[in-house]
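Geometric and topological summary
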Amino acid sequence: MIVTPAHLRTLAGRAEALAAEVWALPDTTPDDSPERAPVAAARHSADLLAQGAESLRRAAADLAAVQVEPCGMPWRVCPEHGNTLDSQAGVSTCRVCRRTWSYDRADRPCQEPVTWKVIDRAGTETKMCDGHVLGARAAVAGATFIRLDPAPA
Ligand SMILES: [Zn+2]
Ligand SMILES: [Zn+2]
């Protein structure tokens, strides 16, 4: 299992709820009661829980910033021009910009970050990168293309 920002935000929400429950404990212990100190200590733990929630939210934001989802499409594209590659002897050349790539690591899935969600007419969702979406636009008729927000906060 990989840790996702959503996972951390869920935990932060639980810590916040727990802090709120502790803060909601009745504060009715008389000042001269021997119960006063332990109850005060329990209430203080709510502050720690709230701090923990805050730090979980910060971690979620940091994680979202570094965790880009790779595209994973098995076919090759030019990241800027899409399905414009001519391949010969292990070298692919973009017909538009003439950039070349040598693919001795053959069939490694695309490592570009996911930036689009494509929904075909059958309702199947596929996430892909800029280059792949260009290729898909040409290849998939009647699909819906949705630009994804950069790293959700
Ligand atoms: Zn190109
Ligand atoms: Zn891709």
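Because the structure is predicted, anything quoted here is derived from the model rather than measured.

Definitions and limits used
Residues numbered from 1 in each chain as written. Chains lettered and ligands numbered in written order. Predicted model: local features only at pLDDT ≥ 70, side-chain atom pairs only at ≥ 80, totals over all residues. Pairing = 2+ DSSP bridges. Helix = DSSP H or I, 4+ residues; strand = E, 2+ residues; numbered from the N terminus. Axes fitted to C-alpha atoms, helices over the stretch in contact; angles between N-to-C directions. Domains from an automatic or database assignment. pLDDT = per-residue confidence, 0-100.

**Details of the sheet that holds strand E6 (residues 144-147)**
The three strands lie next to each other as E5-E4-E6, forming an open sheet whose pairing is antiparallel. The outermost strands of the open sheet, each flanked by one partner alone, are strand E5 (125-128) and E6. The mean angle between the axes of side-by-side strands here comes to 25°, regardless of whether they run parallel or antiparallel.

**Observations regarding the pairing of E5**
Pairing of strand E4 (residues 116-119) with E5, which is carried by four bridges, proceeds in the antiparallel orientation. Note on E5: the bridge partner recorded for Trp116 is Met128. The antiparallel hairpin formed by E4 and E5 contains five residues in its connecting segment, where Gly123 sits at a positive phi of about 90°.

**Brief notes about the pairing of strand E1 (residues 85-88)**
Within a regular beta strand, the side chains point alternately toward one face of the sheet and then the other, so they alternate between its two faces. Bridge count for E1 against strand E2 (residues 91-94) is four bridges, and the pairing is antiparallel. Across the sheet, the residue bridging to Gln88 is Val91, located in E2. Hairpin remark: E1 followed by E2, antiparallel, with two residues in the connecting loop; positive phi at Ala89, about 50°.

**Some points on the domain arrangement of the protein chain**
Here the protein chain is partitioned into domain 1 (5-66) and domain 2 (85-147). Averaged C-alpha coordinates put domain 1 and domain 2 at centres separated by 46 Å.

**Examining the sheet that holds E2**
Across the sheet, which stays open at both edges, the three strands sit in the order E1-E2-E3 with antiparallel pairing between neighbours. Both outer strands of the open sheet, E1 and strand E3 (100-102), are each paired with one neighbouring strand and no more. Neighbour-to-neighbour, the strand axes of this sheet turn through a mean angle of 20°, independent of strand direction. Pairing geometry for E2 and E3, over three bridges, is antiparallel. The residue of E3 that forms the bridge with Val91 is Ser102.

**Regarding the confidence of the model for the protein chain**
Considering every residue of the protein chain, the mean pLDDT works out to 86; 93% of them sit at 70 or more. E3 is the least confidently modelled element of the protein chain, averaging 83 in pLDDT, while helix H1 (residues 5-23) averages 94, the highest of any element.

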